[in-house]
Amino acid sequence: MLNAFLISLVVVALSEMGDKTQLLALLLAAKFRKPIPILFAIFVATVVNHGVSAVLGQWITTVLSETVLLWIVSLGFIGMAIWMLIPDKLDDESESINKWQKYGVFGATFILFFLAEIGDKTQIATVALAARFDSIGWVTIGTTLGIMLVNAPAVFIGDKLADKLPISLIHKIGAAIFLIMGVAALVQHYFF
C-alpha cells in the first residue's frame, strides 16, 4: 500500500504544478490574503472530491473485466501523459470569486476549488490510481497530500515562486511518469 500512497502523491503533485487549481489557489490567496482558511478549504475540498473519485475508481473495478479495466487504466495513464503536456489556463475567475465571496474565505475557496477539480487531471488520475492500486484510502491520502504540497507554497508565497519554477520541465516529468505507468501496466500484464 506504500506504493499506492507514494505513486499517488508524486503523480498528483507533478500534475498539479501549473494546473488551473494551483492558479486558482494563487488567485484566492491574492484576493483574500488569509492562507490558513484557504488551505483548510483546499484540503477539505480535495478530500471530498478525491475520496469520491477513489470510490468511483474502486467501483469501476467491480463492473469491468480485468482485461477491459487494464486497457482503460493503461490508456487513461497514456492519455494523462499527453494531457500533461498541454498547459492549463485559468479563465477570469475574479467574477466567480466575487460571486462566492458571500460565503466567506473558507466557503468561497471550498466551492471554487471543489468545482475546479471536477474533471481535472488530478481527479481523473485519482480515479485511475484507485482502480490500479485497489486502495481508496491510500490513494486519497496520497493525492490529497500531493495537492497540498503544491498548493501550500502557492498560497503562502504567491505568484513570486510560480514564475521561478520550471513548469514545462515538471509537466514533462509528470507526463513521462504517466506514460511509464500506462505502458508498464500493459507490458506487465501481457509479458510477465
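Relevant structure appears above.
Below you will find a few notes about this structure. (Residues numbered from 1 in each chain as written. Predicted model: local features only at pLDDT ≥ 70, side-chain atom pairs only at ≥ 80, totals over all residues. Heavy atoms only, no water.)

**Points about the overall build of the protein**
Of regular secondary structure, the protein possesses ten helices and zero strands. When its helices and strands are written in sequence order, the protein yields α-α-α-α-α-α-α-α-α-α. Within the protein, residue pairs in contact and separated by at least 24 positions form 91% of the contacts whose partners lie at least 6 positions apart. Within the structure as shown, the protein displays about 9600 Å² of accessible surface, and the carbon and sulfur contribution to it stands at 71%. (Helix = DSSP H or I, 4+ residues; strand = E, 2+ residues; numbered from the N terminus. Contact = heavy atoms within 4.5 Å. Areas by Shrake-Rupley, 256 points an atom, 1.4 Å probe, with all protein chains shown as cover.)

**Some words on the packing of aromatic side chains**
On inspection of all chains with the given rule, the structure shows four aromatic pairs. For the ring pair Phe-5 and Trp-138, a centre distance of 5.9 Å and an interplane angle of 75° mean the geometry is edge-to-face. Linking Phe-5 in helix H1 (residues 2–16) with Trp-138 in helix H8 (residues 136–157), this pair joins segments that are 133 residues apart in sequence. Residue Phe-5 is classed as buried on the basis of its relative accessible area, which comes to 16%. On the numbers, 5.5 Å between centres and 35° between planes, the contact of Phe-40 with Phe-106 is tilted. You can see Phe-40 sitting in helix H3 (residues 35–63) and its partner Phe-106 sitting in helix H6 (residues 104–117), a full 66 residues away along the chain. Classification of Phe-106 by relative accessible area gives partly exposed; the value is 32%. Site record: aromatic cluster; members linked through ring pairs are Phe-40, Phe-106, Phe-110 and Phe-114. (Phe/Tyr/Trp six-rings, centres within 6.5 Å; stacked < 30°, edge-to-face > 60°. Buried < 20%, exposed > 50% of the residue type's maximum accessible area, 1.4 Å probe, protein only.)

**A look at the nonpolar core**
Counting residues in hydrophobic clusters, the biggest one holds 35 residues, and the most contacted among them are Ile-38, Ile-42, Leu-129 and Val-155. By residue number, the principal contributor to this core is helix H7 (residues 121–133), which donates seven residues. Apart from residues lying up to four places away in sequence, Ile-38 is in contact with Leu-28, Ala-29, Phe-32, Val-105, Thr-109 and Val-155. (Core = buried A, V, L, I, M, F, W, Y, C linked by side-chain atoms within 4.5 Å.)

**What about the layout of surface pockets?**
For the largest pocket, the calculated volume is near 280 Å³. Every element with two or more residues in the lining of the largest pocket is listed here: helix H4 (66–84), H7 and helix H10 (167–191). Among the elements that take part in the lining of the largest pocket, H4 stands out by supplying five residues, more than any other. Its residues assigned to classes, the lining of the largest pocket shows five nonpolar, four polar and two charged. (1 Å grid on protein atoms, 1.4 Å probe; cavity = no way out; pocket = protein on both sides within 12 Å on 5 of 7 lines; lining within 4 Å. Points joined across faces, edges and corners; volume = space filled by probe spheres on them. Nonpolar A, V, L, I, M, F, W, Y, C, P; charged D, E, K, R; others polar.)

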